[in-house]
Structures are given as structure tokens and as C-alpha cells.
Amino acid sequence: MAKLTVNGEIIDVEVEVGTPLLWVIREQIGLTGTKYACGIAQCGACTVHIDGRAVRSCVYPASSVSADQKITTIEGLSDDGSHPVQQAWAELDTPQCGYCQPGMIMASAALLSSTPNPSDEDINTQITNICRCGTFQRVREGIHLAVEITNKSATKA
Amino acid sequence: MTQEKMRINRRQFVVGAATTGLGLSIGFAIPAASQQAFGDNKKGPLTPEVNAWVVIDADETVTIRIARSEMGQGTLTGLAQLVAEELECNWDNVSWEYPTPGENLRRDRVWQSFGTGGSRGIRGSHQYVREGGAMAREMLIAAAAQQWKVDAADCVAANSIITHKPSGKTTSFGKVAGLAGTLVPPAEVTLKDPKDWKVVGKPKKRLDTLEKLTGKQVYGADMMLPGMLNASIKKCPVHGGKLISFDAEAVLSMPGVKSVVAVGDNAVAVVASTWWRANKALDALPISWDKGENVNVSSASIDEFLQEGLTADNTFVGNKVGDVSAGLKNAAKTYTADYSYPYQNHAPMEPMNATAVWTKDRCEVWCPTQNGESALAAAISASELPAENCDVHKLSLGGGFGRRGAADFVTQAVLIAKTLPGTPVKLLWTREEDMLQGMFHPVTKARMTAGLDDDGNLDALHMRISGQSILATLMPQAIENNDGMDPVVFQAMAPEGDHAISYTVPDLLVDHAMRNTHITPGFWRGVNVNQNAIYMECFMDEVAHETGQDALAFRQKAMTQHPLALAVLNKAASMAGWGKPAEEGRHLGLAVCKAFGSYVAACAEVSVDDGELTIHRIFAATDPGYAVNPQQIEAQVSGSFVYGLSAMLYGECTVKDGEIEQQNFHQYPSLKMAKMPHVETAVMPSGGFWGGVGEPTIAVAAPAVLNAIFAATGKRIRHLPLKDQSLA
Ligand code: FES
Ligand code: FES
């Protein structure tokens, strides 16, 4: 038995050595928003945050995460889809099939927390997820819109 | 959206009731939609319907039934708009659901085709879905009139409200829906004049976005059922090969492993408590294959085979005008070039999967499919049960692109489930399996020969295609009745119809030397338009250049009888500033074609610095006749460039020892953000016809960019992909 802190909850999991965090999240904790698409860190569909940092969970051994590290999955990014990235995505109707989008959103949210007003160049280097439907144009617009949404709510507050 | 949630919640309640009866103890949450699907299977529709297309709850939620599959292309929302338009309901209250293919069978195919391919979702069903909406409206009005004891002709419906004009009395859809559903449908309905549309033609938000932002959307790969086991599979890596044996003992003691089973005569699967464990054991499983007679086939041998077809005598003729040999003989100038196009995998982000449960008298399947009915047919055949004892529940597709029109993964899942009666089993392919067992974009080559008159007009054109036919492998019966010819090979070069050639050429011959290999081909988003448009549009550019003509003016001369194609071409060119001085170092390239009933064109703007290609902007124009949802068309056009340019830049599957070599995205890359050009889209519906939008634009992506690359570098790229070729 190991303990993981996922979306604010401490959860007991059984992990064989080498089991990637992705499969623990999906199959043992039952949070299926985090996706499998390549399993070799190529596509970003499995992106989660560990202590706020974007991580490709398909190659991240669950056993190397300690209970005091905070894992956030797409289900825990906000309570109600109100994270600025989610709001921006809703506004622009960004997803097509949507399968890559949890990873795309988690990568974008991590980018915005480290770089609150990213340039197009920042987006090019930091968002390296694959989307076969090809939503990149709206993802880029969405990241810029999320900055606006964040700034607006900051001035209101 | 709140309305949609309410409907799902009610379903969860039903599931609670349905599942507790099964005495489950489960250690994880069942995603809402899995529960929904499970509930569907136990109970019929919860609220009586008005008709097959429309269900209206007392709380005014309007649920529109969608037979085609949503895989990102937006067809779900577009179809709902068409029904809602005629229904005259309040769009804000609209929700949706998939009927099952089994229900369709039971009801004499009341929803007609479930097939979602060939960009046909809307163009193939607009008439009858609108009629479904209109009939439901008439029945709702008739119900209100009956309750009021007035003449239905004096009542009108708008925004889910029915008004009796003489008295001003009103009621709402939700109040009369129950009665409406008991009335006899009108024999005939008149559909609205497109100029009166209020919902269709508007950039409505998609109905399926919110769940995709929170991780709640349930794809096939996310399916969970009480007591479910998981399977991972390997099929013989050489297509057509067979399974000889495997050593189950070597893995049976690994954690969680339940069984190792042969699947048909060509695959083996490990079933375990979790998919990760199943797949680990599968990796460790010793397997021996009979790879069959194609074990020595390579890309080089396939290339040779196709090369021979370029000059073969025996061909199928797809388009013939005048006499091309005479035309070429009499031409003032002739010009020839050879092109080729490689195998490509669809690579949707979600690998193939299906969940099945089998007992001796029932088989249920949950899967992402582009064709619910062919998935059902596969389930019926693999389960060896009567059709009425089987059903398929469609789950969200993590991309399809044509691959999920096939049902090979359904057959496999049912065969595995059959070994464990009563236990649900989810089969999920690895990315590697998905790459090896693709149904590949066919390989072809083309020899293009043009004859020009003294004024540089295109007088004669011979396009010889050599290569694989999709139908010959997937639907041999379809070509049997056609003397063995596969008409799909000639897409975008056909004499007329949805894939007509966009030019008038006095002496024209398009013919095909069919050269089939053992690699399974498939319908790959855009299908044969993709390479045919590259061959034709790059060659037009070559000929224009060779004869010192402007690439736009040269095309325009041959397009006077193709005004709609000409209009999109002119639009794309003018958006890009064709003919005006370009920014330093930037170069333009054009392409146009008609595909899937729509007219599309692109003008790409690129620069090449020290051999490094940058695709800056793409200007695209699309005329789909009627534009049901312009913002979704824009999304499809922009996404089409990602798919088409990924193919152009990197898309190649090679064959060695009879096997596909590329196994994952590191060997089969896809265009990412850093390479994404800015796409500007003009949606220019000219009305009067219904064209598709999910596929056509793919075909103009590569030729527009390749022609711009020539303008920038003087290099002709005639063989794809670009990744290993130098532009320096
Ligand atoms: S699934 Fe982890 S990067 Fe692709
Ligand atoms: S939205 Fe389908 S893969 Fe990105």
C-alpha cells in the first residue's frame, strides 16, 4: 500500500514496481479524465500536475510520488470547470473529439502558472502536445484568452 | 447545459436501480456515461418520445436523437440544429442522445444509416432529420389544438411555445409532448425555406464541449463496468499471418492475470484485473507466428510493383474525354512528371477499443465506432447469437478519421468476452498495436503527362494512377459488379458528381493500374482525394511554371465551366494577396479541388531559410453549399491543415519483412503547435446543395504548401513525406 494525494484527497493505492502514475490514476483511483494515447511521453494526453508542474504520467512511476506531493488531474483543476483555461476553451469551443484536451488543458494551465502572460513563442515551446484533430489554432487563442479572463477577474477582485 | 445534466442525472438514478440488482461490489467509480449506457441497456427510453427524433420532457428539455457518430467533426451539433430548426424549439433547452443500432433494427431502421464517413453525416441525412423535426412540430401543434379544441391551422410554434393565433392562448412543448406522441404523424411536411433559418447557418456553440473540459466525457477507453476485466492484444504483425502458439504458463502467475486466450486464428490476448497488468503480461508472453507468404515484402518491393503499373497496358478507365494519345501527339509542348504517396496510419489519439459482455443468450458491446450498425453486425457474427439478442452502445470517439468505420476491434472484444461468460471485458489496443494493425491510407503513384497548345492552354492530360484499391480489399463485392474497377480511386478526377475534376481538358484520360498489396488499406480522412489533389495541383503548378504562366491565370483558363471551384480558388488567392508584392522572403502556393460535394481551395504562404521551412499562413476558402454551423466549419478547415500537413511533413509507414515499421509517435510524428500556421478561413456557402466539411480541405493542404515551397526554392517535391528531403 502506498499513499497518493490526488485532487486534495489522500488515497491508498496498491502499486507494483514500475506501474506508471497514469494507470494508477485511471484504473485504481478511477479518474479516467487523464488519457492514454502513446505511453512513451510523446503526446501529452496523460498530463497531470505534480505540485503544480506538468508531468507526463504515462512514464512517471507512481512509486516515485510521495504522499506529500500534490497530484492534480483534470477532474481536480477546478470544481466546476471554472479555471480560466476551461472558461476560455468553452468560450472558443476549442475541443474537437476532445480526447487530447485534458492533457492540453493541464499543459496550458501549468504554462500559465509559470508564465502568466506567455508569448506565442512561449506557447510554441511549452505546448508540445499532439492533437490529431488539429485544435492548435483555438488552443493558442484560448491561452491568450485565459490570460484576459484571469486579468479581468483580478481587477474585479 | 443544466438541462443536459438533469437528463444524465435521471439516468444515473435508473442505473442505480438497475445495477444494485446485480449484487455488485466495485472499488471504483463508474463514469456517468458508462452508467448511462448501462442504464440504456436495461430500460427503454425514459420519457415517451414525440417521434423517433425528438423526446421532450415536462421540464422542456428537448432531446434530439443523433444516429451518426460524433468524433470531433461537429456533426452532432449540426444535426441537432437541423432538427431544432424545423421543430421550432428553444435551442437553449436542447440536449442529445444516441439511439442504439439494435433499436434501429427493431424499429425498421427508423433512423436509417448510422454510418459516419465520407463527410456524409449531414449531407447524407439533412432531408429526413429535418422532416423528423417538422413532423414532431406538427404533432405538438396538433396536440395543443386538440386540448384547446381549436383548428391546428390557427396555431403556430416558436421557441418551444405554441400559440393559438385568434385567441392568443399559449402552451409549451413540454405540456403537450405526451399527447403529441400518441397522435398519427402527418403524411407530409413542408420544410422551411433556407432564407428563414434561425438556428441552421448560425455559429452555435457545440452541444458537447463542457464534458470535454472537465475530464467527465467518457470515451470507449474509459469504459468501466462492474466486475469488468481488461485485455490487451497482439495480432500477427504481418497482415494476413496466423497465430501458431503461445506459452500461457509463462505469464499466468504474473500479478492480476486471469487468462491468456487465442483470438480468432491470428491474435492472442491477455485478460487481467487491470489493463496495465494485462499489457505487461502480454509483453512477456512468448508467441510464435506463422507470418505467411508476405514476410519478404518491403517498401522497396512494393515500390517496384507500383512502378511497373505506371506503364502497364491493362487499366481501369475512370475519366475519358476526347482522345488523349492524339491530343498529346498534336501538342505544341508536352510535359511529364511522376509522383508518389506513402502508406499512412490514421492514428486517432484514442487507440482502438471495445468493451463486451457475453452470455449464452445476450451480447452487449460498448465502443467508439463510426458505424454503429457495422459494429452490431460484427457483434452478432462473433457472438453467434441471434441479432435481437445483441446490441451496441456507442461511446464518444477519441478521433476516428475513417479507422473506426471498421469493426475488427469489436469482433476481437466479443471473441474474448465469449471465453468469460457474464464478465464484461474491455479490450484496449496499445498505440503500437494501433500502428501495426492500421487500415492504411493506400499507396499509389501517378505519371502525369500534359500537352499544351501554342497559347499555353492545357489541351491534353493523361493521369496514370498505379496502386492499391481500398474497395478491392474491404468491399470486394462492390467492385465485382463493376468489372473489378474501383471508382473511389478516381476521387477529385471523376467526370462528374461529388468528386468531379475542377478543370475542362479537351483530351483527358485518367486510368488506374490496380496493384494491391497485403497491407490492409482503409478509408483515411480525405481518402483518395488526398493524393489525387497533390498529383493534379502540383502538376498544374509545374506546367504553369514550365510554360511561363502565372499559376492562378493558368488554372482560371481551364475552369470557366467550373464556376464554384473557380470562386473558392479566386477567394483564397485574393485573401493571400496573390499577384501583389509579397513580404520579403515569403512565397505563395495554390491548390483547389472538389471533394465530398464541396469546393475547397487554399493559398499557403511559406518561407524557406537555409532549408528550414516555415508555413506562416494559410488562406482557405470553402463552399459547402449550405453552411450549417460556420464556426464548426472553420474548426474543421483549420484542423484539416493539421491532419493534411502532418501527412505531408511526416506521414509515412514503411514496410520491412512484411511488417509496418512505425510503432508510435516518435517514428510517426504529428504536427505540433510550433509548426501550426495561422489559418484564415472564408466560409462561402452558395446554397442549393449540401457538401461535406470534415474531409475536403485535407487535400488542398499539401499541394498548396508544396507549390509555395517550389516558389521559394525552385525544388519540386513529388514524393512524400517531406521529413527526409532537403530544401537547402
Ligand atoms: S500517453 Fe503519455 S505522453 Fe502520450
Ligand atoms: S481534440 Fe481530438 S485529438 Fe485533440
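Keep in mind the model is a prediction, meaning the values are calculated, not measured. (Residues numbered from 1 in each chain as written. Chains lettered and ligands numbered in written order. Predicted model: local features only at pLDDT ≥ 70, side-chain atom pairs only at ≥ 80, totals over all residues. Heavy atoms only, no water.)

**A few points about the overall build of chain B**
A count of helices and strands for chain B gives 20 helices and 26 strands. Per-residue burial for chain B yields a buried fraction of 63% across its 728 residues. Within chain B, residue pairs in contact and separated by at least 24 positions form 77% of the contacts whose partners lie at least 6 positions apart. For chain B, the exposed area adds up to about 25600 Å²; of that, 51% sits on carbon and sulfur atoms. For chain B, the distance from the average position of its 65 positive side-chain charges to the average position of its 78 negative side-chain charges is 6 Å. (Helix = DSSP H or I, 4+ residues; strand = E, 2+ residues; numbered from the N terminus. Buried < 20%, exposed > 50% of the residue type's maximum accessible area, 1.4 Å probe, protein only. Contact = heavy atoms within 4.5 Å. Areas by Shrake-Rupley, 256 points an atom, 1.4 Å probe, with all protein chains shown as cover. Lys, Arg positive; Asp, Glu negative; His and termini not counted. Charge placed at Lys NZ, Arg CZ, Asp CG, Glu CD.)

**A short note on the confidence of the model for chain B**
Looking at chain B as a whole, its pLDDT mean stands at 93, while 94% of the residues score no less than 70. Confidence drops under a pLDDT of 50 for residues 1-45 of chain B, and excluding neighbours within four residues, the segment shows 68 contacts in the predicted structure. (pLDDT = per-residue confidence, 0-100.)

**Comments concerning the UniProt feature "domain: Aldehyde oxidase/xanthine dehydrogenase a/b hammerhead" (unreviewed entry) in chain B**
With numbering aligned to this structure, UniProt lists the feature "domain: Aldehyde oxidase/xanthine dehydrogenase a/b hammerhead" (unreviewed entry) at residues 214-293 of chain B. In residues 214-293 of chain B, the share of helix is 14% and the share of strand is 36%. The end C-alpha atoms are 49 Å apart. (UniProt positions renumbered as here; feature names shortened; annotations may be inferred.)

**Quick word on the sheet that holds strand E2 (residues 62-65) of chain B**
Residue and element names in this part refer to chain B. What the 3 strands build is an open sheet, ordered E1-E2-E3; its pairing is mixed. Two strands in the sheet have a free side with no partner beyond their single neighbour: strand E1 (54-56) and strand E3 (94-97). Pairwise comparison of adjacent strand axes, ignoring direction, gives a mean angle of 25° for this sheet. Two elements, E2 and E3, share 4 bridges in a ladder whose sense is parallel. (Pairing = 2+ DSSP bridges. Axes fitted to C-alpha atoms, helices over the stretch in contact; angles between N-to-C directions.)

**Quick notes on the domain arrangement of chain A**
All names here are of chain A. Here chain A is described as being made up of domain 1 (2-77) and domain 2 (84-156). In this assembly, 18 residues from domain 1 lie in contact with 13 residues from domain 2. By the criterion of area lost to domain 2, the three top residues of domain 1 are Lys35, Ile74 and Leu77, representing 35% of everything that side buries. At the boundary of domain 1 with domain 2, the tally comes to 0 salt bridges. At the boundary of domain 1 and domain 2, one finds 5 residue pairs in polar contact (both at pLDDT 80 or more). Of all the secondary-structure elements, those providing two or more residues to the side of domain 1 that touches domain 2 are strand E3 (47-50) and strand E4 (53-56). Sort the elements by how many residues they give to the side of domain 1 that touches domain 2 and E3 lands first, with 3 residues. (Domains from an automatic or database assignment. Buried area = accessible area lost by both parts, 1.4 Å probe. Salt bridge = Lys/Arg side-chain N within 4 Å of Asp/Glu carboxyl O. Polar contact = N/O pair within 3.5 Å; in protein donor to acceptor, adjacent residues only side chain to side chain.)

**Points about the environment of Asn530 of chain B**
Residues and elements named next belong to chain B. Its place among the elements puts Asn530 in helix H16 (residues 529-546). Exposure remark for Asn530: the relative accessible area of 3% places this residue in the buried category. Between the alpha carbons of Asn530 and Cys367 there is a distance of 28 Å; along the sequence they are 163 residues apart. Among all residues touching Asn530, those that are not within four sequence positions of it are Tyr341, His441, Trp524, Arg525, Ile698 and Ala699. Only 3.1 Å separates the side chain of Asn530 from the backbone oxygen of Arg525, close enough to count as a polar contact.

**Considering the sheet that holds strand E4 (residues 155-158) of chain B**
Residues and elements named next belong to chain B. Read across the sheet, 3 strands follow the order E4-E5-E6 without closing on themselves; strand pairing throughout is antiparallel. On the outer flanks of this sheet lie E4 and strand E6 (170-172), each paired with one strand and no other. Geometrically, the sheet is characterised by an average inter-axis angle of 25° between neighbouring strands, direction not taken into account. Pairing geometry for strand E5 (residues 161-164) and E6, over 3 bridges, is antiparallel. Pairing of Ile162 across the sheet is with Thr171, part of E6. Those strands touched by helix H6 (residues 173-180) are E4, E5 and E6, and its axis lies near 75° from that of E6.

**Structural notes on the interface of chain B and chain A**
At the junction of the two partners, chain B supplies 65 residues and chain A supplies 51 residues. If you sort the residues of chain B by the area they bury against chain A, Leu213, Met349 and Met673 of chain B come out on top, with a joint share of 19%. Across the chain B-chain A interface, the total number found is 3 salt bridges. The shortest N-O distance in the salt bridge between Asp222 of chain B and Arg26 of chain A comes to 2.9 Å. Our enumeration of links across chain B and chain A arrives at 26 residue pairs in polar contact (both at pLDDT 80 or more). For the side of chain B that touches chain A, the elements supplying multiple residues, two or more each, are helix H7 (210-214), helix H8 (275-284), helix H13 (431-436), helix H19 (630-649) and strand E26 (678-683) of chain B. Examining the composition of the side of chain B that touches chain A, we find that 10 residues originate from one element, H19 of chain B, more than from any other. Considering only residue class, the side of chain B that touches chain A consists of 30 nonpolar, 23 polar and 12 charged. (Nonpolar A, V, L, I, M, F, W, Y, C, P; charged D, E, K, R; others polar.)

**Topic: the pairing of strand E23 (residues 612-623) of chain B**
Residues and elements named next belong to chain B. The sheet contact formed by strand E22 (residues 598-609) and E23 spans 11 bridges and is antiparallel. Within E23, the position partnered with Ser607 by the bridge is Thr614. Connecting E22 to the next strand, E23, in antiparallel fashion are 2 residues, including Asp610 with a positive phi near 50°. When E23 meets E26, the two strands line up parallel, connected through 6 bridges. Bridged to Phe619 within E26 is Glu680.

**Overview of the environment of Ser383 of chain B**
Residue and element names in this part refer to chain B. Position of Ser383 relative to the elements: it lies in helix H11 (residues 372-383). On the basis of relative accessibility, which here comes to 1%, the residue Ser383 falls in the buried class. Ser383 sits 23 residues away from Lys360 along the chain, and the two C-alpha atoms are 8.7 Å apart. Beyond its immediate sequence surroundings of up to four residues, Ser383 is in contact with Trp358, Cys363, Cys390, Val414 and Lys418. In terms of polar contacts, Ser383 uses its side chain to reach the backbone carbonyl oxygen of Ile380, at 3.1 Å.

**As for the domain arrangement of chain B**
All names here are of chain B. Considered domain by domain, chain B is made up of domain 1 (47-214), domain 2 (221-292 + 352-428) and domain 3 (299-344 + 440-713). In this structure, domain 1 and domain 3 have C-alpha centres spaced 39 Å apart. Opposite the 24 residues of domain 1 that make contact, domain 3 presents 18 residues. Note on domain 1 versus domain 3: buried area summed over both sides is about 1400 Å², and carbon and sulfur give 58% of it. One salt bridge in this structure joins Arg123 and Asp498, with 2.7 Å as the shortest N-O distance. At the junction of domain 1 with domain 3, the criterion picks out 12 residue pairs in polar contact (both at pLDDT 80 or more). Taken together, the elements giving at least two residues each to the side of domain 1 that touches domain 3 come down to helix H3 (75-87) and helix H5 (126-148). Among the elements that make up the side of domain 1 that touches domain 3, the one with the highest residue count is H3 (4 residues).

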